[in-house]
Structure formats: structure tokens, C-alpha cells
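Results of the structural survey
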Amino acid sequence: MVNWKNPYDMPGEIWLKGNLHTHTDEHSPCGRVSLKRVLELYEANGYDFLAISDHQHCTEVDIDTTLSILPGIEWNSRRREQKVETVNYEDHLGIYSLDPQTLQTAASQCKPEEVGRLMHHTESLMVMNHPNWLVPPHYSEGDLFSLYQMAQGLEIYNAVIERHPGAADATMKWDRVLTEKGPILGFVADDSHLESDIGKAWLMVNVEQPGTADILSAILAGNFYCSTGVVIHDLGLDGDTIYCIADETT
């Protein structure tokens with residue numbers, strides 16, 4: 001017999017498409033697209049929500065948009081003598097909270113453990129970003145194990161790494177963390193820097209009501225799936241057979 005709990009037997013009837021890892025040229029030194037253009041492109045690609053995760057900066061979105069905007073930053077470790085806005089290669093974390101001030105305070109922390117303590121008592125999301133970026137990789141398995149207690153998720157696919165050193169797919173590391181440590185959410189993301197990066201990978205989040213509070217709560221509860229093209233219509237159990245119904249074109 002199959003031990004089964006349907007992860008998509010969810011309370012909401014609304015599915016929202018979104019991306020959590022997005023950069024702009026105003027506040028990320030690696031970004032090459034303006035905030036206004038980023039919003040336009042994600043709208044044109046049928047997205048419902050977006051997080052602008054500029055490096056060490058919570059970007060305020062004061063432009064009219066149909067997208068629900070989830071506040072976020074991409075955080076990195078830094079030495080205490082370095083400025084808060086310093087972008088380093090170590091310990092990149094996607095941090096998301098409904099409170100922009102919490103994110104700005106998080107940006108001022110120097111070590112992952114400090115961020116973890118700060119975010120522990122808030123409804124916030126912390127994701128270990130692009131674990132297989134670069135050679136040797138950005139996060140070793142040991143690094144992921146040590147950060148496990150403070151993070152809710154890790155990126156299992158990061159689309160921009162398809163054109164950078166390393167590997168975009170990190171599902172093997174996800175398997176290792178699941179086996180050695182326990183449950184952790186898996187995320188996919190564009191990590192968009194160029195216009196051509198947009199629309200490569202996204203989340204489909206199940207909510208009862210649209211809005212950033214419902215989106216964040218649904219993500220934290222695991223009420224979503226990751227996609228690079230597949231649209232899932234139903235997932236269930238028939239006897240001992242697990243079935244998935246998706247678009248024939250995907």
C-alpha cells in the first residue's frame with residue numbers, strides 16, 4: 001500500500017503564478033533591467049505576484065502594477081567592517097516578509113545565524129539560493145545541513161545558472177537534505193537579471209484569497225508547486241496508483 005497525503009488537496013480554488021527571485025538595475029549591481037520594465041515583462045508573461053529581491057536592499061515598488069508585490073531581499077554574508085550594501089559571494093539567502101523594515105534590519109546583519117535569530121519570531125520566508133552556482137558550488141551539502149534549522153526552503157532549480165558556471169538543477173542536494181535532515185520546501189526561480197531571463201521558472205501557489213498575506217502564508221504551508229512549463233490540473237491516488245493530470249502540450 002502507498003502511504004499517501006495529497007499535497008495538492010488544498011483549501012483554495014485560486015492558483016497564482018509568481019517568481020520570488022528578481023533583480024533590477026536600480027538596486028542590484030548585477031541587474032540590467034529597470035524596475036518598471038521588470039514589472040511590465042512579468043505582467044506580459046501572465047504572472048500574478050512577484051518579489052523584487054535586490055541585493056541587500058528592499059526595493060519599494062511605487063509603480064502601478066497588476067502584480068501583488070511580496071517584499072524581499074537577497075541577503076549575503078559580509079564582514080563587519082564592510083558596508084551594509086556590500087555584495088559578496090557567500091551565503092546568498094532569499095528573505096521575504098510583509099514588513100519591509102524587518103527586511104532592512106535583516107540586511108544589516110553580517111552572518112546567517114544573526115538573520116535566522118531575527119526572523120525566527122516573524123512570519124517570514126528564508127530560502128537558500130542557487131546551491132549549485134559556481135565551481136566549487138555556492139553551498140556544499142554540509143553548508144545546507146548547517147543552515148537547515150533556520151531556512152524554510154532551498155532553490156532546487158535556478159534558471160539563470162543555465163548561463164553561468166555551475167548547475168541550475170539542485171534536486172540531488174534537496175534529496176540529501178530531505179534524507180539527512182528532514183522536510184524542507186523546494187523552490188524554483190528565474191533569478192532574473194536580463195530581459196531574456198524572465199519567464200523561465202515559476203511557482204503556482206494555491207490561495208483562498210489573492211493578496212500578499214495569503215500568498216506568503218500559502219507558501220509557508222507548502223501550498224504550491226514548482227514549474228518550468230508544466231501546468232498541473234489534478235493529482236491524486238487511485239487504489240495504489242498515484243496519478244497526475246497536466247496539459248498535453250507540457
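In what follows, the structure referred to is the one given above.
What you see is a predicted model; the values in this text were computed from it and never measured. (Residues numbered from 1 in each chain as written. Predicted model: local features only at pLDDT ≥ 70, side-chain atom pairs only at ≥ 80, totals over all residues. Heavy atoms only, no water.)

**What about the overall build of the protein?**
For the protein, the helix and strand inventory stands at six helices and twelve strands. Its C-alpha radius of gyration of 18 Å places the protein within 12% of the 18 Å reference for a compact globule of 250 residues. Along the three orthogonal principal directions, the C-alpha set of the protein runs to about 60 × 45 × 35 Å. In the protein, 64% of the contacts between residues at least 6 apart in sequence involve partners at least 24 apart. Roughly 12200 Å² of accessible area belongs to the protein as shown, and the carbon and sulfur atoms make up 49% of that amount. Taking the average place of the 16 positive charges on the side chains of the protein and the average place of its 38 negative ones, the gap between the two points comes to 10 Å. (Helix = DSSP H or I, 4+ residues; strand = E, 2+ residues; numbered from the N terminus. Rg over C-alpha atoms; globule rule 2.2 N^0.38 Å. Contact = heavy atoms within 4.5 Å. Areas by Shrake-Rupley, 256 points an atom, 1.4 Å probe, with all protein chains shown as cover. Lys, Arg positive; Asp, Glu negative; His and termini not counted. Charge placed at Lys NZ, Arg CZ, Asp CG, Glu CD.)

**So, the packing of helix H2 (residues 100-107) against helix H3 (residues 112-119)**
Two numbers describe how H2 lies on H3: the axes approach to 9 Å, and their chain directions differ by 155°. It follows from the interaxial angle that H2 and H3 lie roughly antiparallel. You can see that H2 and H3 cross each other, and the crossing is right-handed. Together, Thr102, Leu103, Thr105 and Ala106 of H2 and Val115, Leu118 and Met119 of H3 make up the contact between the two elements. Its residues assigned to classes, the contact of H2 with H3 shows five nonpolar, two polar and no charged. (Axes fitted to C-alpha atoms, helices over the stretch in contact; angles between N-to-C directions. Parallel < 35°, antiparallel > 145°, perpendicular 65-115°, else oblique. Left-handed = near helix turned anticlockwise from the far one by under 90°. Nonpolar A, V, L, I, M, F, W, Y, C, P; charged D, E, K, R; others polar.)

**A look at empty space enclosed by the protein**
Inspection of the entire model under this criterion finds two cavities of 30 Å³ or more. In terms of residue count, strand S8 (residues 185-189) provides more of the lining of the largest cavity than any other element does, three residues in total. In this structure, the second largest cavity encloses a volume near 30 Å³. Looking at the second largest cavity, the residues that line it are His130, Pro131, Asn132, Trp133, Glu155, Ile156, Tyr157, Asn158, Ile161, Ala167, Ala168 and Ala170. Residues that form the lining of the second largest cavity fall into these classes: eight nonpolar, three polar and one charged. (1 Å grid on protein atoms, 1.4 Å probe; cavity = no way out; pocket = protein on both sides within 12 Å on 5 of 7 lines; lining within 4 Å. Points joined across faces, edges and corners; volume = space filled by probe spheres on them.)

**Section: the sheet that holds S8**
An order of S4-S5-S6-S7-S8 is seen for the five strands of this open sheet, with the pairing classed as mixed. In the strand order of this sheet, the two ends are held by strand S4 (72-75) and S8, each with one partner. Neighbouring strand axes in the sheet, compared pairwise and without regard to direction, differ in orientation by 30° on average. (Pairing = 2+ DSSP bridges.)

**Topic: the pattern of salt bridges**
A side chain of one charge can pair with a side chain of the opposite charge if their charged atoms are brought near each other. If you walk through the whole model with that rule in mind, you get eight salt bridges. In this structure, Asp197 and Arg163 form a salt bridge, with 2.8 Å as the shortest nitrogen-oxygen distance. One end of the pair, Asp197, is in the loop between S8 and strand S9 (202-207); the other, Arg163, is in the loop between strand S7 (153-158) and helix H5 (171-180), and 34 residues separate them in sequence. On the accessibility criterion, Arg163 (41% relative accessible area) is partly exposed. (Salt bridge = Lys/Arg side-chain N within 4 Å of Asp/Glu carboxyl O. Buried < 20%, exposed > 50% of the residue type's maximum accessible area, 1.4 Å probe, protein only.)

**Some thoughts on the pairing of strand S1 (residues 14-19)**
A regular strand places its side chains so that they alternate between the two faces of the sheet. The pairing of S1 with S9 spans five bridges and is classified as antiparallel. Paired with Lys17 across the bridge in S9 is Met204.

**Structural notes on the sheet that holds strand S2 (residues 49-50)**
Strand order in the open sheet made by the five strands is S3-S2-S1-S9-S10, with mixed pairing throughout. Because the sheet does not close on itself, it has two edges, and the strands there are strand S3 (68-69) and strand S10 (224-227).

**Topic: the layout of surface pockets**
By volume, the second largest pocket amounts to about 330 Å³. In terms of lining residues, the second largest pocket is bounded by 20 residues, among which Cys30, His55, Tyr89, Trp133 and His193 are the most central. Here the residues of the lining of the second largest pocket are counted per class, giving eight nonpolar, eight polar and four charged.

**Here we look at the packing of aromatic side chains**
This structure, assessed with the given rule, holds five aromatic pairs. A ring pair is formed by Tyr47 and Trp202, whose centres lie 6.5 Å apart and whose planes are at 80°; its orientation type is edge-to-face. Placement of Tyr47 in the loop between helix H1 (35-44) and S2 and of Trp202 in strand S9 is noted, with a sequence separation of 155 residues between them. Like Tyr47, the residue Trp202 is buried in the burial classification. On the basis of an interplanar angle of 50° and a centroid distance of 5.6 Å, the ring pair of Tyr89 and Trp133 is categorised as tilted. Of this pair, Tyr89 sits in the loop between S4 and strand S5 (93-97) while Trp133 sits in the loop between strand S6 (124-128) and helix H4 (141-147); the two residues are 44 residues apart in sequence, bridging distant segments of the chain. The exposure class assigned to Tyr89 is exposed, which follows from its relative accessible area of 57%. Ring-pair connections join several aromatic residues into one group, and the members of that group are Tyr42, Tyr47 and Trp202. (Phe/Tyr/Trp six-rings, centres within 6.5 Å; stacked < 30°, edge-to-face > 60°.)

**Brief notes about the environment of Asp91**
Structurally, Asp91 can be placed in the loop between S4 and S5. Here the alpha-carbon distance between Asp91 and His130, two residues 39 residues apart in the chain, equals 9.9 Å. Looking at Asp91, its side chain comes within polar contact range of the side chain of Ser77, at 2.4 Å. (Polar contact = N/O pair within 3.5 Å; in protein donor to acceptor, adjacent residues only side chain to side chain.)

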